[in-house]
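Residue-level listing of the chains:
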Amino acid sequence: MDADGSKCDLKAFYDFTYCDAEVAIKCEEQKDAERRENEVVGPSDIPREIINALLPPKYGVCNYPTITEIACRTWMTSERPWEKWQRLVSRELVSRQGVIRYHQLLDRLLVTQQARWRPICSIREKLFLQAFDEMIRQVACQCSEQGLLLLRVRDEMRMTMSMYQTLYHDSLHAPFTTDWEPDSPSALRSEKERLTETKDKYVRRLKFLELEMTQSAEKRAKKHQIHVRALRLRNTQLQLTLQFVAVGNAPLLQKTKFTINANDTLSVVYDFLRKQLQLRDSDALFLYCNRAFAPAPDQLLFDLAKCFSIDNVLILNYSLTHAWG
């Protein structure tokens, strides 16, 4: 929002509380006329004298009979400095919509005037004090006694805040004093011995914990090595070496030894050997262990190796016709 908009909001904010500016009353005739005006029931039942006692009018010097074009507390230099202008407190009642509009103006002014979000801010304090004065005026227009009570609460709050500020500023300039007194040499020696004993106790505790942690780490390392060796041995046992030996008119293989997983069945060996010999699925192929035993295709190689392997090598004889059995 630009500066003109902020200025208009500030003017509207103060226009809720104060009337338009007018020349201050100078002669007795004008005072009598105002006194007679107070006797007539106006926008509210509160007399002008009471509302002026609650919230005094604002005075200043202005070039114009009204200061509606400028914000409150902003006065222009007059060519006739002897003329004194004043803004009296308004006695008009505010409707519900007016209160909502006043609330919106307050929120907008907090943003446009760059008030801090913390309570310690002169701009925020100024706006909220003016808002509290407006609350006092609205309550006083309906009931002057309640307005007087709120005015007393406001003055008490200001006096308390002023007292706190005075105490704060006095504490800043207060000298720093302490009641510290040096201990005797014997007390210092006993305190030193006590602290040394405590230190030795914690040093021994630290060494014990370090030794315990070292032993625990060594045990975990040994256990890990044993576990690794067991896994490596198991992995070695799962790998089985097969050696194929041709029987009869079976074609020879260029490579006769192969490594295969021991958990596979003999049917895997059948498929592998057919690919190596380039045989069709309809061609006959027979496998034998120890030149006599014909194992079933669903038998595990691990079981065959336990019975027929020699130096961890399982020898399988293959032929295209029946050779044994």
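Residues numbered from 1 in each chain as written. Predicted model: local features only at pLDDT ≥ 70, side-chain atom pairs only at ≥ 80, totals over all residues. Heavy atoms only, no water.

Visitor: Quick rundown of helix H9 (residues 301-308)? Include the residues and the values.
Guide: All buried positions along H9 are accounted for by Leu-301, Leu-304 and Ala-305. Buried residues in H9, looked at end-on, bunch into an arc of 100°, giving them a common side. Opposite its buried face, H9 presents the exposed residues Lys-306 and Cys-307, each directed more than 90 degrees away. Buried residues belonging to H9 abut strand E4 (239-246), strand E5 (257-261), helix H8 (266-277), strand E6 (286-289) and strand E7 (313-319). (Buried < 20%, exposed > 50% of the residue type's maximum accessible area, 1.4 Å probe, protein only. Helix = DSSP H or I, 4+ residues; strand = E, 2+ residues; numbered from the N terminus. Arc of directions from axis to C-beta. Contact = heavy atoms within 4.5 Å.)

Visitor: Any details on the sheet that holds E5? Residues and values, ideally.
Guide: Pairing is mixed in the open sheet, where four strands are placed in the order E5-E4-E7-E6. In the strand order of this sheet, the two ends are held by E5 and E6, each with one partner. With strand direction ignored, the average angle separating the axes of adjacent strands in the sheet is 35°. Here E4 pairs with E5 via five bridges, running antiparallel. Bridging across to E5, Gln-243 finds its partner in Lys-257. (Pairing = 2+ DSSP bridges. Axes fitted to C-alpha atoms, helices over the stretch in contact; angles between N-to-C directions.)

Visitor: Explain the pattern of salt bridges to me, and be specific about the residues and the numbers.
Guide: According to the stated counting rule, one finds five salt bridges in the structure shown. Two residues, Glu-134 and Arg-137, come together in a salt bridge whose shortest N-O distance is 2.8 Å. Linking Glu-134 with Arg-137, this pair stays in helix H5 (residues 122-142), spanning three residues, or about one helical turn. Take Glu-134: its relative accessible area is 1%, and that puts it in the buried class. Among the residues examined, Arg-137 registers a relative accessible area of 1% and is labelled buried. For the salt bridge of Asp-155 with Arg-154, the shortest nitrogen-to-oxygen distance reads 3.3 Å. Arg-154 gets classed as buried once you look at its relative accessible area, which sits at 9%. (Salt bridge = Lys/Arg side-chain N within 4 Å of Asp/Glu carboxyl O.)

Visitor: Summarise the confidence of the model for the chain; cite the residues concerned and give the values.
Guide: Of the residues in the chain, 74% reach a pLDDT of 70 or more, and the chain-wide mean stands at 76. For the chain, the element scoring lowest by mean pLDDT is helix H2 (residues 28-39), at 51; helix H7 (residues 185-238) scores highest, at 88. Every residue in residues 61-78 is under pLDDT 50, and counting partners more than four places away or in other chains gives 45 contacts. (pLDDT = per-residue confidence, 0-100.)

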